[in-house]
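One-letter residues, chain by chain:
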Amino acid sequence: MIVEVLDFESVVQHIVANSFVVRPEIRHIVDVAKGEAISSEPIDAPTGVTPAVLGSRLYLGTENGEVFCIDWKEAKTKWTFADERRAQPIRSSPAATESTVVIGGRSKKIYAFDPGSGELQWTFPTRKRVDSSPVVVGQRVFVGSADGRLYALSLGDGKKVWEYETGAGFAGSAAVAQQRLVIANDEGVIFCFGSKNQ
C-alpha cells in the first residue's frame, strides 16, 4: 500500500487515531517517518473506538466506561470522566467541535463535555445503550440508539429536537452528505433524511 505523506503533524494525528500497538490499554503515539514510538499514555482499559482529534487533543472512551482527553503532542492526559452512577463500556466514537465533545455509552446516555476542561455540559437519556457514534451538523447532534430511535439533539444544551422510531436498534453511525443524513439500523434497513428537492 502506498501512503502519500503530506506533513508530519497530520500523519501523527492519523496514527494516533487509528493504531493500537502492543497493549490495547496504552495509547501509543508513533512517528511514522521513523517507525518509532514517540511516547505512550495509559488509558487503563482496552478501547475499540476511533478517537476524535481536535488540534493536539484526542478524545476516546474505554471498556471501563472512562472518557479520556489526551494531548498527543505532550503525551499527557488532560482530563478523564467516568459516570459514577452508571459506569458502562463506551463503544461509541466521539464527535468533537471547538465547543463540545459528544459521545454515547452503554450506560443508556449521550454525554457532552467541554473539550478543554472536561466539564460535563449535558447528558441525554435513551432507553437502551448507545454504541452508534454521534455526528454533529451545525448546532445539531444526530445519534442512533439500541432503542431503535434516531435522535436529533441541540448541541448547546442536549435538548431533543426530534426523534424517529425505526423498529430496530443502531450500532452503526450516520453519514452526512449533500444535506442528507443516511443511517442503517440493525435489520439492514437504510434511512435517508433530508429534502427531496435537493
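Structure's up top.
This structure is a prediction, so every number in the text was calculated from the model and none was measured. Here, residues in each chain are numbered from 1, in the same order as that chain's written sequence. Restriction of local features to residues with pLDDT of at least 70 applies here, the model being predicted, together with a cutoff of 80 or more for giving and counting side-chain atom pairs; totals for whole chains, interfaces and linings are based on all residues. The basis for the side-chain values is all heavy atoms of the structure; hydrogens and waters are excluded.

Caption draft 1: Seen up close, the sheet that holds strand β4 (residues 57-61). Any two strands with at least two DSSP-identified bridges between them are counted as paired. Working definition: helices are DSSP H or I runs of at least four residues, strands are E runs of at least two. Numbering for both runs from the N terminus. If you walk across this open sheet you meet the 4 strands as β3-β4-β5-β6, and the pairing is antiparallel. Strand pairing shows two members of the sheet lacking a second neighbour, β3 (52-54) and β6 (76-82), which therefore form its edges. Within this sheet the neighbouring strands show an average axis-to-axis angle of 20°, counted without direction. The sheet contact formed by strand β5 (residues 66-71) and β6 spans 6 bridges and is antiparallel. Pairing of C69 across the sheet is with W79, part of β6. For every element, the axis is a line fit to its C-alpha atoms; helices are fit only across the contacting stretch, and the angle between N-to-C directions ranges from 0 to 180 degrees.

Caption draft 2: Representation of the sheet that holds strand β15 (residues 175-177). Read from one edge of the open sheet, 3 strands run β15-β16-β17, paired in antiparallel fashion. At either margin of the open sheet sits one strand with a lone partner, and together these are β15 and β17 (190-194). With strand direction ignored, the average angle separating the axes of adjacent strands in the sheet is 20°. By the bridge criterion, 3 bridges tie β15 to strand β16 (residues 180-184) in an arrangement that is antiparallel. Note that in β16 the partner of A175 across the bridge is V182.

Caption draft 3: The packing of aromatic side chains, seen in detail. The rule is short: rings of Phe, Tyr and Trp, with Trp giving its six-membered ring, pair when the centres are within 6.5 Å, and they are stacked under 30 degrees, edge-to-face over 60, tilted in between. What the rule picks out here adds up to 10 aromatic pairs. By way of ring pairs, the aromatic residues Y59, W79, F81, Y111 and F113 are connected into one cluster.

Caption draft 4: The arrangement of empty space enclosed by the protein in detail. Of the grid points, spaced at 1 Å and generated over the protein atoms alone, those admitting a 1.4 Å probe that cannot get out make up cavities, while open sets with protein on both sides within 12 Å along at least five of seven lines make up pockets; any residue with an atom within 4 Å of a point is treated as lining. Grid points are joined across faces, edges and corners, and a volume is the space filled by probe spheres set on the points. According to the stated counting rule, one finds 1 cavity of 30 Å³ or more in the structure shown. Estimated volume of the largest cavity: approximately 50 Å³. Lining of the largest cavity is provided by G65, V67, F81, D83, R86, A87, Q88, I90, G105, S107 and Y111.

Caption draft 5: View of the pairing of strand β12 (residues 140-144). Type-normalised accessible area, obtained with a 1.4 Å probe on protein chains alone, sets the label of each residue: buried when under 20%, exposed when over 50%, and partly exposed for intermediate values. In terms of residue burial, β12 counts as a mostly covered element, since 4 of its 5 residues are buried. By the bridge criterion, 3 bridges tie strand β11 (residues 135-137) to β12 in an arrangement that is antiparallel. Bridged to V136 within β12 is V141. In this structure, the hairpin formed by β11 and β12 is closed by a connection of 2 residues, where G138 is found at a positive phi of approximately 60°. Where β12 and strand β13 (residues 149-154) come together, 5 bridges link them in antiparallel fashion. Considered in β13, the bridge of V141 is made with L153. Turn length for the β12-β13 hairpin, with the two strands adjacent in sequence and antiparallel, is 4 residues, and the turn residue G148 shows positive phi of about 85°.

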